[in-house]
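Here is how the chains run, residue by residue.
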Amino acid sequence: MQPLPRLILATRNAHKTEEIQAMIGDRFEVLNAKAFPDFPEIEETGTSFLENARLKAVGISRCIEGWVLSDDSGLEVDALGGAPGVWSSSYGGEEGNHAKNNARLLAEMADKANRNARFRCTMVLARGGSEQAAFSGTVEGHLVESLHGVGGFGYDPLFIPVGHEKTFAELGNGIKNSLSHRARALNQVVAFLDGRG
Ligand code: IMP
């Protein structure tokens, strides 16, 4: 049997890796940057998802051969002018603290009638220190007024995707991975890589 082609994820985020692995793990050997302790920590200094995704994918692809894939993602809330956006992971004041992020979001939304929001995911594929392609996926939905469910991660307990009545955290990974922003971007990545033979 031929070995699976290898895809290195330019992230140390275990949740993103788990989702990407579940979606394409039978077609690629998906490896997280955590498996490579020598990789540099890439600072996300960009002001857009695309800029940050580029920094991560191109930066890591300088350190290893083969395809490197980055994911920069977040939540955009209409009533907050698109916030938290690229600052989604530190919205509550502490990087990666989902409980604080959700608490701040609930506080900011307390008096808002328009609760429309979307998740956005931008992925960049890089190789040998240069960007090869970029892809983006979104999922529209609305925010609820208190946390519901324990699945997923981040803002999942507050977000109901269009066409459903439960949050991503209640719907479970199977449904989330069939329609999420990450799934929609990743489908394009897989089509691109398939097209390259
Ligand atoms: P990044 O690691 O800079 O791309 O930040 C991603 C942040 O966006 C996460 O820490 C979450 O707060 C939020 N986020 C991205 N994707 C999801 C998702 O699928 N569900 C819930 N929150 C997400």
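In this report, we go over the structure that sits alongside the text. (Residues numbered from 1 in each chain as written. Predicted model: local features only at pLDDT ≥ 70, side-chain atom pairs only at ≥ 80, totals over all residues. Heavy atoms only, no water.)

1. Here we look at the environment of alanine 14
- Structurally, the position occupied by alanine 14 is in helix 1 (residues 14–24).
- Considering only alpha carbons, one finds alanine 14 and asparagine 32, 18 residues apart in sequence, at a separation of 8.0 Å. (Helix = DSSP H or I, 4+ residues; strand = E, 2+ residues; numbered from the N terminus.)

2. Topic: the packing of aromatic side chains
- Enumeration over the complete set of coordinates arrives at six aromatic pairs.
- For the pair tryptophan 67 and phenylalanine 192, a centre-to-centre distance of 6.2 Å together with 85° between the ring planes defines the contact as edge-to-face. Taken together, the positions of tryptophan 67 in strand 3 (residues 67–77) and phenylalanine 192 in helix 6 (residues 181–195) put the pair 125 residues apart, joining distant regions of the chain.
- You can call tryptophan 67 buried: its relative accessible area is 13%.
- With a relative accessible area of 23%, phenylalanine 192 lands in the partly exposed category.
- Arranged with centres 5.7 Å apart and planes meeting at 65°, the rings of phenylalanine 135 and phenylalanine 192 form a pair that is edge-to-face. Separated by 57 residues along the polypeptide, phenylalanine 135 in strand 5 (residues 130–143) and phenylalanine 192 in helix 6 bring together distant segments of the chain.
- By the ring-pair criterion, three or more aromatic residues cluster together here, those being Trp67, Phe135 and Phe192.
- The ring of tyrosine 91 has arginine 104 sitting right over it, with the charged end atom 4.1 Å from the ring centre. (Phe/Tyr/Trp six-rings, centres within 6.5 Å; stacked < 30°, edge-to-face > 60°. Buried < 20%, exposed > 50% of the residue type's maximum accessible area, 1.4 Å probe, protein only. Lys NZ or Arg CZ within 6 Å of the ring centre and 35° of its normal.)

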